Amino acid sequence: MRHERITSWENPIQKAAWQLQQVCENLPTRPISVWDSEYGCAPFILKTSNIKVDILVRLRSNLCLWDAPPPYSGKGRPRKHGDKFKLNDPSTWSEVTQSLEVNHSKLGRVKVSLWSNLHFRKTATRPMSLIRVERLDDLGNLRVSKPLWLAWVGEEMPTLEEVWQLYLRRFTVDHWYRFLKQRLHWTLPKLSTPKQCDRWSDSKANDDLGVVVSS
């Protein structure tokens, strides 16, 4: 695995897109990449538009998406957007494209819903499939107060039963970094300058983890 610190002159979106480009250039087949909600935004979707990769990304529940525009009426400028789709407002949701319920070995009863051909306001040329994952009890009531929202951007999506489970692979990655920052105190020191932060990260990685962190 390749771990690189985000330097003081970079931002997470730039770094992630650059890393993804480097990885994909050395892969023999088109990969599926899985991303946390920090990357569920228009800038990341735009910066990765020329990379040969499929993206499954988590979305924050307060986001707004837009449906595809209606057919051109022949008058005026063609519309780029259809109706607004607010993730936390069911009254704005369009008709579900597909839905299913599965019994997961660890999560129990799970309901998965799909909406097709949505987009961010600034990414009208990159449509996505929207996926909502809910954990249910034996009576069909919601077990977890907040559902999981995912978006698929890329070529043909795997089956609805399979695609949402791909996101479960992020579990160990997210908690590995939490351990790194909290238990190994990577982000504990309050240093004065960016140069000191970079030096601390390099030495901390070499001493505690045995991996080199490029800055």
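Definitions and limits used
Residues numbered from 1 in each chain as written. Predicted model: local features only at pLDDT ≥ 70, side-chain atom pairs only at ≥ 80, totals over all residues. Heavy atoms only, no water. Phe/Tyr/Trp six-rings, centres within 6.5 Å; stacked < 30°, edge-to-face > 60°. Helix = DSSP H or I, 4+ residues; strand = E, 2+ residues; numbered from the N terminus. Buried < 20%, exposed > 50% of the residue type's maximum accessible area, 1.4 Å probe, protein only. Pairing = 2+ DSSP bridges. Salt bridge = Lys/Arg side-chain N within 4 Å of Asp/Glu carboxyl O. Expected span 1.5 Å × (residues − 1). Contact = heavy atoms within 4.5 Å. Polar contact = N/O pair within 3.5 Å; in protein donor to acceptor, adjacent residues only side chain to side chain. pLDDT = per-residue confidence, 0-100. Core = buried A, V, L, I, M, F, W, Y, C linked by side-chain atoms within 4.5 Å.

1. Some words on the packing of aromatic side chains
Turning to step 1, where the next piece is worked out: One pass over the structure, following the stated rule, counts 8 aromatic pairs.
Turning to step 2, where the next piece is worked out: Geometrically, the ring pair formed by Phe-85 and Trp-93 is stacked, given 6.0 Å between the ring centres and 5° between the ring planes.
Turning to step 3, where the next piece is worked out: For the pair Trp-93 and Trp-149, a centre-to-centre distance of 5.5 Å together with 80° between the ring planes defines the contact as edge-to-face. Here Trp-149 lies in strand S8 (residues 148-153) and Trp-93 lies in the loop between strand S4 (84-86) and strand S5 (98-104), a separation of 56 residues in the sequence.
Turning to step 4, where the next piece is worked out: We classify Trp-93 as partly exposed; its relative accessible area is 22%.

2. Here's the deal with unusual backbone geometry
Peptide bonds are trans in most cases, and residues, glycine excluded, mostly fall at negative phi.
Turning to step 1, where the next piece is worked out: Even without being a glycine, Asn-117 presents a positive backbone phi close to 60°.
Turning to step 2, where the next piece is worked out: Relative to the helices and strands, Asn-117 is located in strand S6 (residues 108-119).
Turning to step 3, where the next piece is worked out: The exposure class assigned to Asn-117 is partly exposed, which follows from its relative accessible area of 41%.

3. Let's talk about the pairing of S6
Turning to step 1, where the next piece is worked out: In this structure, strand S3 (residues 64-67) lies alongside S6, joined through 2 bridges in antiparallel fashion. If you follow Trp-66 over to S6, its bridge partner there is His-119.
Turning to step 2, where the next piece is worked out: Bridge count between S6 and strand S7 (residues 128-136): 8 bridges; the pairing is antiparallel. Bridge assignment links Val-110 to a residue of S7, and that residue is Arg-135.

4. Some details on the pattern of salt bridges
Turning to step 1, where the next piece is worked out: If you walk through the whole model with that rule in mind, you get 5 salt bridges.
Turning to step 2, where the next piece is worked out: Asp-54 serves as the salt-bridge partner of Arg-30, at 2.9 Å between the closest nitrogen and oxygen. Of this pair, Arg-30 sits in the loop between helix H1 (12-24) and strand S1 (32-35) while Asp-54 sits in strand S2 (residues 54-59), and the two are 24 residues apart along the sequence.
Turning to step 3, where the next piece is worked out: For Arg-30, a relative accessible area of 32% gives the class partly exposed.
Turning to step 4, where the next piece is worked out: What makes Asp-54 buried here is its relative accessible area of 7%.

5. Some details on H1
It helps to recall that an α-helix has 3.6 residues per turn; residues three or four apart then point in one direction.
Turning to step 1, where the next piece is worked out: Between its terminal C-alpha atoms H1 stretches 18 Å, which fits the 18 Å expected from 13 residues at 1.5 Å a residue.
Turning to step 2, where the next piece is worked out: Restricting attention to buried positions, one finds in H1 the residues Ile-13, Lys-15, Ala-16, Ala-17, Leu-20 and Cys-24.
Turning to step 3, where the next piece is worked out: Contact partners of the buried residues in H1: S1 and helix H2 (42-47).
Turning to step 4, where the next piece is worked out: N-cap assignment for H1: the residue whose side-chain oxygen lies 3.0 Å from the backbone N of Ile-13 is Asn-11.

6. Description of the side chain of Ser-113
Turning to step 1, where the next piece is worked out: Within the element layout of this structure, Ser-113 appears in strand S6.
Turning to step 2, where the next piece is worked out: Judged by its relative accessible area of 5%, Ser-113 is buried.

7. Description of the environment of Asp-67
Turning to step 1, where the next piece is worked out: On the secondary structure map, Asp-67 appears in strand S3.
Turning to step 2, where the next piece is worked out: Each C-alpha atom, one on Asp-67 and one on Phe-120, is 9.1 Å from the other, the two residues being 53 residues apart in sequence.
Turning to step 3, where the next piece is worked out: Apart from the residues lying within four places of it in its own chain, the contact partners of Asp-67 are His-81, Gly-82, Asp-83, Phe-85, Ser-94, Asn-117, Leu-118 and His-119.

8. Comments concerning the environment of Leu-118
Turning to step 1, where the next piece is worked out: With respect to the helices and strands, the residue Leu-118 is situated in strand S6.
Turning to step 2, where the next piece is worked out: On a C-alpha basis, the gap between Leu-118 and Met-128 in space is 5.3 Å, while along the polypeptide they are 10 residues apart.
Turning to step 3, where the next piece is worked out: Setting aside residues up to four positions removed in sequence, Leu-118 forms contacts with Leu-65, Trp-66, Asp-67, Phe-85, Arg-126, Pro-127, Met-128 and Leu-130.

9. A look at the confidence of the model for the protein
Turning to step 1, where the next piece is worked out: The pLDDT averaged across the protein works out to 85; a share of 81% of its residues lies at or above 70.
Turning to step 2, where the next piece is worked out: Below a pLDDT of 50 lies the segment residues 205-215, which in the model reaches 24 contacts outside its immediate sequence neighbourhood of four places, other chains included.

10. Things to note about the side chain of Glu-134
Turning to step 1, where the next piece is worked out: Residue placement: Glu-134 occurs in strand S7.
Turning to step 2, where the next piece is worked out: A polar contact of 3.0 Å, which involves the side chain of Glu-134, links it to the side chain of Arg-132.
Turning to step 3, where the next piece is worked out: Among residues more than four places away in sequence, those in contact with Glu-134 are Arg-109, Val-110, Lys-111, Ser-113, Leu-142 and Pro-147.

11. Quick notes on the nonpolar core
Most often, soluble globular proteins keep nonpolar side chains buried together rather than apart.
Turning to step 1, where the next piece is worked out: The biggest cluster of nonpolar side chains holds 26 residues, and the ones touching the most others in it are Trp-35, Phe-44, Leu-59, Leu-65, Phe-85 and Leu-130.
Turning to step 2, where the next piece is worked out: Ranked by residues supplied to this core, first place goes to H1 with 4 residues.
Turning to step 3, where the next piece is worked out: Not counting residues within four places of it along the chain, the set of residues in contact with Phe-85 comprises Leu-63, Cys-64, Leu-65, Asp-67, Thr-92, Trp-93, Ser-94, Trp-115, Leu-118, Leu-130 and Trp-149.
Turning to step 4, where the next piece is worked out: Formed by 16 residues, the second largest nonpolar core is a distinct cluster that contains Leu-100, Val-110, Val-112 and Trp-164.

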